[in-house]
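Report on the structure
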Amino acid sequence: TELSLSTWPELADHMLDGSIIAPGALYVALSLKAARHLFGAEDLEFSEIRFSHPLLLEPKEARTLQLVFVKNSPTEGSVRILSTYGQKNPDCVSWVKHCTMKCSRIDGLRNQPVPVWPSSGAKDAAVLYEELRKNGIELNGSFRVLKSLSSGIDGVVCELAGGVRTPEWIETLDAVHQALAAV
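In short, a report on the structure. (Residues numbered from 1 in each chain as written. Predicted model: local features only at pLDDT ≥ 70, side-chain atom pairs only at ≥ 80, totals over all residues. Heavy atoms only, no water.)

Some thoughts on helix α2 (residues 125-134)
Rule in force here: Residue exposure (1.4 Å probe, protein chains only): buried if accessible area is under 20% of the type maximum, exposed if over 50%, otherwise partly exposed. By the criteria applied, helices consist of DSSP H or I runs no shorter than four residues and strands consist of E runs no shorter than two, each listed in order from the N terminus. Throughout, the arc means the angular range of directions from the helix axis out to the C-beta atoms.
Regarding α2, the residues found buried are A125, L128, Y129 and L132. Buried residues of α2, viewed axially, fall in a sector of 95°; they line one side. Exposed residues on α2 whose side chains face more than 90 degrees from its buried face are A126 and K134.

Take a look at the structure:
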(Lines give C-alpha, C1' and ligand atoms only; values in the text may rest on other atoms or scores of the structure.)
Protein backbone atom coordinates (compact mmCIF):
# COMPACT_ATOMS: atom_id res chain seq x y z
CA THR A 1 0.00 0.00 0.00
CA GLU A 2 1.31 3.43 -0.88
CA LEU A 3 0.86 6.19 1.68
CA SER A 4 0.99 9.78 0.43
CA LEU A 5 -1.07 12.94 0.52
CA SER A 6 -2.07 12.37 -3.09
CA THR A 7 -3.57 8.95 -2.23
CA TRP A 8 -4.91 9.92 1.25
CA PRO A 9 -5.20 13.75 1.42
CA GLU A 10 -6.98 13.52 4.81
CA LEU A 11 -3.60 12.83 6.42
CA ALA A 12 -2.79 16.55 6.11
CA ASP A 13 -5.32 17.08 8.94
CA HIS A 14 -3.23 14.97 11.35
CA MET A 15 -0.15 16.77 12.65
CA LEU A 16 2.29 16.47 15.52
CA ASP A 17 4.52 19.48 16.25
CA GLY A 18 3.86 20.79 12.73
CA SER A 19 4.71 17.53 10.92
CA ILE A 20 2.25 15.25 9.15
CA ILE A 21 2.19 11.93 11.02
CA ALA A 22 0.32 8.72 10.24
CA PRO A 23 -2.34 8.16 12.93
CA GLY A 24 -2.15 5.12 15.20
CA ALA A 25 -5.71 4.27 14.17
CA LEU A 26 -4.43 3.72 10.62
CA TYR A 27 -2.25 0.84 11.83
CA VAL A 28 -5.16 -0.65 13.78
CA ALA A 29 -7.54 -0.24 10.81
CA LEU A 30 -5.13 -2.01 8.46
CA SER A 31 -4.57 -4.78 11.02
CA LEU A 32 -8.31 -5.16 11.56
CA LYS A 33 -8.91 -5.60 7.83
CA ALA A 34 -6.13 -8.22 7.56
CA ALA A 35 -7.29 -10.09 10.69
CA ARG A 36 -10.91 -10.23 9.51
CA HIS A 37 -9.71 -11.66 6.21
CA LEU A 38 -7.40 -14.26 7.79
CA PHE A 39 -9.64 -15.31 10.68
CA GLY A 40 -12.97 -14.89 8.88
CA ALA A 41 -14.33 -13.24 12.02
CA GLU A 42 -15.77 -9.91 13.07
CA ASP A 43 -15.09 -10.28 16.81
CA LEU A 44 -11.41 -9.56 17.36
CA GLU A 45 -9.30 -8.18 20.17
CA PHE A 46 -6.04 -6.31 19.70
CA SER A 47 -3.53 -6.17 22.55
CA GLU A 48 0.04 -5.20 23.27
CA ILE A 49 -0.11 -2.40 20.69
CA ARG A 50 3.30 -0.76 20.52
CA PHE A 51 4.26 2.25 18.43
CA SER A 52 8.00 2.08 17.91
CA HIS A 53 8.76 4.81 15.34
CA PRO A 54 6.46 7.55 14.02
CA LEU A 55 5.71 7.59 10.32
CA LEU A 56 6.27 11.21 9.35
CA LEU A 57 5.24 12.26 5.87
CA GLU A 58 6.46 15.18 3.77
CA PRO A 59 3.81 16.85 1.54
CA LYS A 60 5.15 15.43 -1.77
CA GLU A 61 6.53 12.18 -0.34
CA ALA A 62 5.21 8.65 -0.89
CA ARG A 63 5.91 5.78 1.51
CA THR A 64 5.31 2.10 0.89
CA LEU A 65 3.52 0.38 3.79
CA GLN A 66 3.92 -3.31 4.53
CA LEU A 67 1.73 -5.25 6.95
CA VAL A 68 3.13 -8.59 8.10
CA PHE A 69 0.50 -10.77 9.80
CA VAL A 70 1.69 -14.06 11.29
CA LYS A 71 -1.12 -16.46 12.16
CA ASN A 72 0.25 -18.21 15.26
CA SER A 73 -2.82 -20.42 15.76
CA PRO A 74 -6.41 -20.66 14.46
CA THR A 75 -7.40 -17.89 16.93
CA GLU A 76 -4.24 -15.79 17.46
CA GLY A 77 -1.82 -13.77 15.38
CA SER A 78 0.80 -11.06 15.53
CA VAL A 79 1.17 -7.98 13.34
CA ARG A 80 4.10 -5.78 12.27
CA ILE A 81 3.65 -2.63 10.20
CA LEU A 82 6.65 -1.21 8.37
CA SER A 83 7.33 1.44 5.74
CA THR A 84 10.02 2.50 3.33
CA TYR A 85 10.57 5.36 0.94
CA GLY A 86 9.72 4.72 -2.69
CA GLN A 87 13.15 3.44 -3.74
CA LYS A 88 13.70 2.00 -7.22
CA ASN A 89 16.24 -0.69 -6.32
CA PRO A 90 14.51 -3.39 -4.19
CA ASP A 91 17.90 -4.74 -3.07
CA CYS A 92 18.68 -1.45 -1.30
CA VAL A 93 15.37 -0.97 0.52
CA SER A 94 15.50 -0.34 4.24
CA TRP A 95 12.30 -0.90 6.21
CA VAL A 96 11.31 1.02 9.35
CA LYS A 97 9.09 -0.71 11.94
CA HIS A 98 6.25 1.55 13.13
CA CYS A 99 3.87 -0.67 15.05
CA THR A 100 3.43 -4.17 16.44
CA MET A 101 0.40 -5.79 18.07
CA LYS A 102 -1.24 -9.08 18.89
CA CYS A 103 -4.64 -10.13 17.64
CA SER A 104 -7.07 -12.73 19.00
CA ARG A 105 -10.33 -14.02 17.63
CA ILE A 106 -13.06 -13.82 20.28
CA ASP A 107 -16.12 -15.89 19.47
CA GLY A 108 -19.48 -14.75 20.82
CA LEU A 109 -18.41 -11.20 21.70
CA ARG A 110 -21.47 -9.72 19.99
CA ASN A 111 -23.75 -11.56 22.43
CA GLN A 112 -22.17 -9.89 25.47
CA PRO A 113 -23.93 -6.92 27.10
CA VAL A 114 -22.28 -3.57 26.48
CA PRO A 115 -21.33 -1.87 29.77
CA VAL A 116 -22.93 1.53 30.37
CA TRP A 117 -20.60 4.06 31.91
CA PRO A 118 -21.89 7.10 33.72
CA SER A 119 -21.58 10.27 31.68
CA SER A 120 -20.43 12.23 34.73
CA GLY A 121 -16.76 12.99 34.42
CA ALA A 122 -16.83 12.81 30.63
CA LYS A 123 -14.45 15.26 28.97
CA ASP A 124 -16.00 17.50 26.31
CA ALA A 125 -14.34 17.10 22.90
CA ALA A 126 -13.58 20.83 22.58
CA VAL A 127 -11.57 20.65 25.82
CA LEU A 128 -9.84 17.46 24.67
CA TYR A 129 -8.87 18.91 21.28
CA GLU A 130 -7.51 22.07 22.95
CA GLU A 131 -5.41 19.98 25.38
CA LEU A 132 -4.06 17.95 22.47
CA ARG A 133 -3.24 21.13 20.51
CA LYS A 134 -1.30 22.51 23.50
CA ASN A 135 0.74 19.27 23.45
CA GLY A 136 1.57 19.65 19.74
CA ILE A 137 -1.14 17.34 18.35
CA GLU A 138 -3.38 19.03 15.78
CA LEU A 139 -6.49 17.15 14.68
CA ASN A 140 -8.67 18.78 12.04
CA GLY A 141 -11.28 17.84 9.44
CA SER A 142 -12.01 14.11 9.35
CA PHE A 143 -10.01 13.57 12.56
CA ARG A 144 -12.49 15.56 14.69
CA VAL A 145 -15.20 13.03 15.40
CA LEU A 146 -15.60 13.03 19.19
CA LYS A 147 -18.38 14.59 21.22
CA SER A 148 -16.99 13.42 24.58
CA LEU A 149 -14.54 10.98 26.13
CA SER A 150 -14.67 9.11 29.45
CA SER A 151 -11.96 6.92 30.88
CA GLY A 152 -11.90 4.41 33.69
CA ILE A 153 -9.92 1.44 34.90
CA ASP A 154 -11.50 -0.80 32.25
CA GLY A 155 -10.79 1.41 29.26
CA VAL A 156 -12.01 4.42 27.33
CA VAL A 157 -15.52 5.19 26.04
CA CYS A 158 -15.90 7.70 23.22
CA GLU A 159 -19.15 9.38 22.21
CA LEU A 160 -19.15 10.29 18.52
CA ALA A 161 -20.55 13.52 17.17
CA GLY A 162 -23.65 13.07 15.04
CA GLY A 163 -23.48 13.32 11.26
CA VAL A 164 -19.73 12.77 10.99
CA ARG A 165 -18.48 11.46 7.65
CA THR A 166 -14.99 10.04 7.61
CA PRO A 167 -12.79 8.54 4.91
CA GLU A 168 -13.45 4.87 4.17
CA TRP A 169 -9.99 3.78 5.36
CA ILE A 170 -10.63 4.97 8.90
CA GLU A 171 -14.41 4.52 8.99
CA THR A 172 -14.39 1.56 11.39
CA LEU A 173 -12.13 3.29 13.89
CA ASP A 174 -13.32 6.89 14.06
CA ALA A 175 -12.98 7.19 17.82
CA VAL A 176 -9.99 4.89 18.31
CA HIS A 177 -7.73 7.60 16.95
CA GLN A 178 -8.71 10.21 19.52
CA ALA A 179 -8.79 7.63 22.30
CA LEU A 180 -5.17 6.67 21.53
CA ALA A 181 -4.15 10.33 21.44
CA ALA A 182 -5.93 11.05 24.72
CA VAL A 183 -4.43 8.17 26.70
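A few points about the pattern of salt bridges
Cut-off, in case you're wondering: Basic side-chain nitrogens of Lys or Arg form a salt bridge, by our definition, when they fall within 4 Å of a carboxyl oxygen of Asp or Glu.
Throughout the structure, instances matching the rule amount to three salt bridges. The salt bridge partner of E48 is R50, with a shortest N-O separation of 4.0 Å. E48 sits in the partly exposed class, given a relative accessible area of 43%. With relative accessibility at 49%, the residue R50 sits in the partly exposed group. The salt bridge involving R133 is made with E130; its shortest N-O contact spans 2.5 Å. Of the two residues, R133 and E130 both sit in helix α2, three residues apart, roughly one turn of that helix. Under the relative-accessibility criterion, R133 is labelled partly exposed at 44%. The exposure class assigned to E130 is partly exposed, which follows from its relative accessible area of 31%. If you follow the salt bridges from partner to partner, you end up with E48, R50 and K102 in one network.

Re the packing of aromatic side chains
To keep things clear, this is the line we draw: Classification of ring pairs uses Phe, Tyr and Trp, with its six-membered ring standing for Trp, and accepts pairs whose centres are within 6.5 Å; under 30 degrees between planes counts as stacked, over 60 as edge-to-face, and the remaining range as tilted.
This structure, assessed with the given rule, holds two aromatic pairs. Taking 6.0 Å as the distance between ring centres and 40° as the angle between the ring planes, the aromatic pair formed by Y27 and F51 counts as tilted. In this pair, Y27 sits in helix α1 (residues 24-39) while F51 sits in strand β4 (residues 44-51), placing the two residues 24 residues apart along the sequence. When its relative accessible area of 41% is taken as the criterion, F51 is described as partly exposed. Pairing F39 with F69 gives two aromatic rings, centres 5.8 Å apart and planes at 75°, and the pair type is edge-to-face.

None of this, on its own, says anything about what the molecule does.
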